[in-house]
Amino acid sequence: MTTDDTTTPNPAGPDVSLDLDSLEREGTKAPFTFQHLGKRYMMSDPQEVDWQRLMIAMKDPVYFMSLVLPADDREQFFNADLPTWKLNKLMAAYTKHYGLPTPGEAAGSPA
């Protein structure tokens, strides 16, 4: 018995090694929620963010938050004061929730 995936019919055709259009994500996690100043917020899974935007957002926390917060929550979140130490706790919990590497752990990240 072979485990070679080349025997599986490829709907995109024999000249395509990987059909990204036919992939379905498995094992998604529940959204990460938090409360600030009495309002409940939900941050989406960073794996669902376009990779190019995510790479830019890794260096820009404001842009990152704008990508993972729903559009209708962004204005209220960004207009609310949030001490840096609380933002750090928020990001640590978010990172843990989604099983992401912390800064310095990811391959190629600055230590």
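Rules used in this analysis
- Per chain, the residues get numbers from 1 upward, laid out in the order the sequence is written.
- Under the rules for a predicted model, residues below a pLDDT of 70 receive no local features and side-chain atom pairs below 80 are neither given nor counted, while totals for whole chains, interfaces and linings still include all residues.
- Calculated side-chain values reflect all of the structure's heavy atoms, with hydrogen atoms and water omitted.
- A run of DSSP states H or I qualifies as a helix once it reaches four residues; a run of E qualifies as a strand once it reaches two. Both are numbered from the N-terminal end.
- Per-residue accessibility, obtained with a 1.4 Å probe over protein chains only, is compared with the maximum for each type, and a residue is labelled buried under 20%, exposed over 50%, and partly exposed between these values.
- Throughout, a residue-residue contact means that at least one pair of heavy atoms, one from each residue, lies within 4.5 Å.
- With residues, only the protein chains shown are counted as cover, and all accessible areas are computed by Shrake-Rupley using a 1.4 Å probe.
- Axes here refer to lines fitted to C-alpha atoms; in helices the fit is confined to the stretch in contact. Angles between the N-to-C directions go from 0 to 180 degrees.
- Under this scheme an angle from 65 to 115 degrees is roughly perpendicular, one under 35 degrees roughly parallel, and one over 145 degrees roughly antiparallel; angles in between are oblique.
- Left-handed describes a crossing in which the near helix is turned anticlockwise from the far one by less than a right angle; the clockwise case is right-handed.
- Put simply, a nonpolar core is a bunch of buried Ala, Val, Leu, Ile, Met, Phe, Trp, Tyr and Cys residues held in one set by side-chain atoms that sit within 4.5 Å of each other.
- Take the number of residues in a helix, subtract one, and multiply by 1.5 Å to get its expected span.
- In this scheme, strands are said to pair when DSSP sees at least two bridges between them.

Caption draft 1: Representation of the overall build of the protein in the model. In terms of regular secondary structure, the protein is built from 4 helices and 2 strands. Taking all 111 residues of the protein together, 23% fall into the buried category. Summarising the internal contacts of the protein: among those between residues at least 6 apart in sequence, 52% fall at separations of at least 24. Counting every atom, the protein has about 8,800 Å² of accessible surface; 55% of that belongs to carbon and sulfur.

Caption draft 2: Looking closely at the packing of helix α2 (residues 61-68) against helix α4 (residues 84-97). Two elements in contact, α2 and α4, have axes separated by 13 Å at closest approach and are oriented at 50°. In terms of orientation, α2 lies oblique with respect to α4. Crossing of α2 against α4: the hand is left-handed. Of α4, the residues touching α2 (which contributes F64, M65 and V68) are L90, M91 and Y94.

Caption draft 3: Fine view of the nonpolar core. Within the largest apolar cluster, 16 residues are counted, with the highest numbers of intra-cluster contacts made by F34, M43, F64 and M65. The set of elements that each furnish at least two residues to this core consists of β1 (32-36), β2 (39-43), α1 (51-57), α2 and α4. Among the elements that make up this core, the one with the highest residue count is α2 (4 residues).

Caption draft 4: A look at α4. The end-to-end C-alpha distance of α4, which contains 14 residues, comes to 20 Å, matching closely the 20 Å that a straight helix rising 1.5 Å per residue would cover. At its buried positions, α4 is contacted by β1, β2 and α2. Backbone geometry just after α4 places G99 at a positive phi near 65°.

Caption draft 5: Looking closely at α2. Turning to α2, its buried residues number three or more, namely F64, M65, S66, L67 and V68. Where α2 is buried, its residues contact β2, α1, α3 (71-79) and α4.

Caption draft 6: Looking closely at the pairing of β1. Residues F32, F34 and H36 of β1 are buried on one face, while the alternating residues T33 and Q35, pointing to the opposite face, are not. In this sheet, β2 lies alongside β1 in antiparallel orientation, the contact comprising 5 bridges. Bridge assignment links F34 to a residue of β2, and that residue is Y41. Following β1, the chain reverses through 2 residues before pairing antiparallel with β2; L37 in that reversal takes a positive phi of roughly 50°.

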